[in-house]
Amino acid sequence: MLRCCVVGASGYTGSELVRLLAKHPNFDLSDCFVSAGSQDAHRPITALYPGLQGHVDLTLQPLDDQRLALLAQQFDAIFLATPHEASHDWMPALTAGNARVFDLSGAFRLPDTDVFAQHYGFAHQHRALLDTAVYGLAEWHAPRIADSQLIAVPGCYPTASLLALKPLAEANLLSAEQWPVINAVSGVSGAGRKASLNTSVCEVSLQAYGVLGHRHQPEIAQYLGQPVLFTPHLGNFKRGILATIAVKLASGVTAQQVSDAYQQRYADSPVVRLLDHFPRLDDVVNTPHCDLHWKVDEASGHAVLGSAIDNLLKGAASQAVQCANLAFQLAPTAGLLEVRP
Ligand SMILES: NC(=O)C1=CN([C@@H]2O[C@H](COP(=O)(O)OP(=O)(O)OC[C@H]3O[C@@H](n4cnc5c(N)ncnc54)[C@H](OP(=O)(O)O)[C@@H]3O)[C@@H](O)[C@H]2O)C=CC1
Ligand SMILES: CC(=O)N[C@@H](CCC(=O)OP(=O)(O)O)C(=O)O
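Residues numbered from 1 in each chain as written. Chains lettered and ligands numbered in written order. Predicted model: local features only at pLDDT ≥ 70, side-chain atom pairs only at ≥ 80, totals over all residues. Heavy atoms only, no water.

Peer 1: Explain the site of ligand 1 to me, please; I cannot follow it from the model alone.
Peer 2: Near ligand 1 lie 27 residues; those nearest to it are Ser-10, Thr-13, Ser-35, Ser-38 and Thr-82. Between ligand 1 and Tyr-12 there is a distance of 3.0 Å, counted from an oxygen atom to a backbone nitrogen or oxygen. Between ligand 1 and Asn-311 there is a distance of 2.9 Å, counted from an oxygen atom to a side-chain nitrogen or oxygen. Computed on the free molecule, ligand 1 has an accessible area of 880 Å², of which 83% lies beneath the protein chains in the complex. (Near = heavy atom within 4 Å. Polar contact = N/O pair within 3.5 Å; in protein donor to acceptor, adjacent residues only side chain to side chain. Areas by Shrake-Rupley, 256 points an atom, 1.4 Å probe, with all protein chains shown as cover.)

Put into structure tokens, the structure is as follows:
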């Protein structure tokens, strides 16, 4: 069994990692951590997430600097479900041993440190580590994920967007003249567990936010290889992301070519499901799947793509587990497709 721990286990994505790793056939999840001063330190995780009762018997441990320094030697895999700053600051210590690190934060996703500073509000201090990080979009970067010590697990909106757009970009089916237009709606769990006025149930009403300035815009553009217009929206539901993407196709591209690009690219990817109708959130929430569908208007040369994921799973925790499966040469969907507890 591979020894692993989750840091940030009391959060929404951290608790999903705990749920997945506790029943994973190849991982032994022995430790769950929160920050040194956390109000949840020393509490059983089931006190926060009663649904884990009977499945996980672990206590949230405070992670001080002394313990942090030991993790890289103690574990084969470290899963970080922590704020960007914490992942950034701790990465040198966590990568000092043999442990593979799966970071759910955005700290190591953007190779350009100027773009990073602009969108994350602090300067990146670990250029050398950034150069070694591999973007963990599991269906697209499998060989590099398998070889890397530091995996930057993609953001939730980028996962939904890139899985829909990349097959077309890769097959040169997108027009270079018009940027893809991505409109996506996320459930409130995308903002994390910490309460804030903006995310309180009486305040949330379907609304665009981060217009022309969200940090996922450069992330999507970086890994698509072309600019995009990205507008996120906050919806009054708990989980899930639905992205609807309008694209201009390259001259003369047919509906058959678009369909072939998806079929060929995802034929061996059980996590990605190609549907005969536009996806629905209810069908992906609480699953590791990404559901895709598209429609082409050959006359005008446009297509509309639909993509749906659970932001906490394919947009975070289950994608991290997919990456870990690749890193340790396990079955690609080990621990992912079984019925949830
Ligand atoms: N929610 C989502 O849909 C997605 C989130 N992400 C990313 O994953 C990471 C976790 O997100 P999410 O689960 O939503 O966040 P939450 O706010 O729900 O959880 C954050 C966790 O980190 C712990 N934490 C906070 N500050 C520190 C610190 N300084 N040092 C160590 N631990 C700390 C918290 O516990 P405590 O404060 O008690 O220590 C908590 O366990 C973030 O980087 C987020 O951007 C990525 C994709 C999707
Ligand atoms: C609804 C909501 O607030 N969503 C988050 C995105 C969550 C995510 O993917 O996190 P990363 O920070 O790891 O990229 C946001 O817009 O900031």
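The rest of the description comes next.
Peer 1: How do you make sense of the packing of aromatic side chains when you look at a structure like this?
Peer 2: Taken as a whole and assessed by the stated rule, the structure comprises nine aromatic pairs. Between Phe-116 and Tyr-120 the ring centres are 4.6 Å apart and the planes differ by 5°, which places this aromatic pair in the stacked class. Here Phe-116 and its partner Tyr-120 are both found in helix α5 (residues 113-120), four residues apart, which amounts to about one turn of the helix. The residues Phe-116 and Tyr-120 share a single accessibility class, namely buried. Centroid distance Phe-116 to Phe-122: 5.2 Å. Interplanar angle 90°. Geometry classified as edge-to-face. Across the pair, exposure class does not vary: Phe-116 and Phe-122 are buried alike. An aromatic cluster of at least three residues, connected via ring pairs, comprises Phe-27, Phe-79, Phe-102 and Phe-328. Between Arg-100 and the ring centre of Phe-328, over which it is positioned, the NZ or CZ distance is 5.5 Å. Above the plane of the ring of Trp-140 lies Lys-166, whose end atom (NZ or CZ) is 5.1 Å from the centre. (Phe/Tyr/Trp six-rings, centres within 6.5 Å; stacked < 30°, edge-to-face > 60°. Helix = DSSP H or I, 4+ residues; strand = E, 2+ residues; numbered from the N terminus. Buried < 20%, exposed > 50% of the residue type's maximum accessible area, 1.4 Å probe, protein only. Lys NZ or Arg CZ within 6 Å of the ring centre and 35° of its normal.)

Peer 1: I tried to follow the packing of helix α1 (residues 12-22) against helix α12 (residues 313-327) on my own but got confused; where do I start?
Peer 2: A pair of packed helices can be characterised by two numbers: the angle between their axes and the separation between those axes. Running from N to C, α1 and α12 point in directions that differ by 40°, and their axes come no closer than 9 Å. In terms of axis orientation, α1 runs oblique to α12. Classified by chirality, the crossing of α12 by α1 is right-handed. Within the contact between the two elements, α1 uses Thr-13, Glu-16, Leu-17, Leu-20 and Leu-21 and α12 uses Leu-313, Ala-316, Ala-317, Ser-318, Ala-320 and Val-321. Of the residues assigned to the contact of α1 with α12, the class counts are eight nonpolar, two polar and one charged. (Axes fitted to C-alpha atoms, helices over the stretch in contact; angles between N-to-C directions. Parallel < 35°, antiparallel > 145°, perpendicular 65-115°, else oblique. Left-handed = near helix turned anticlockwise from the far one by under 90°. Contact = heavy atoms within 4.5 Å. Nonpolar A, V, L, I, M, F, W, Y, C, P; charged D, E, K, R; others polar.)

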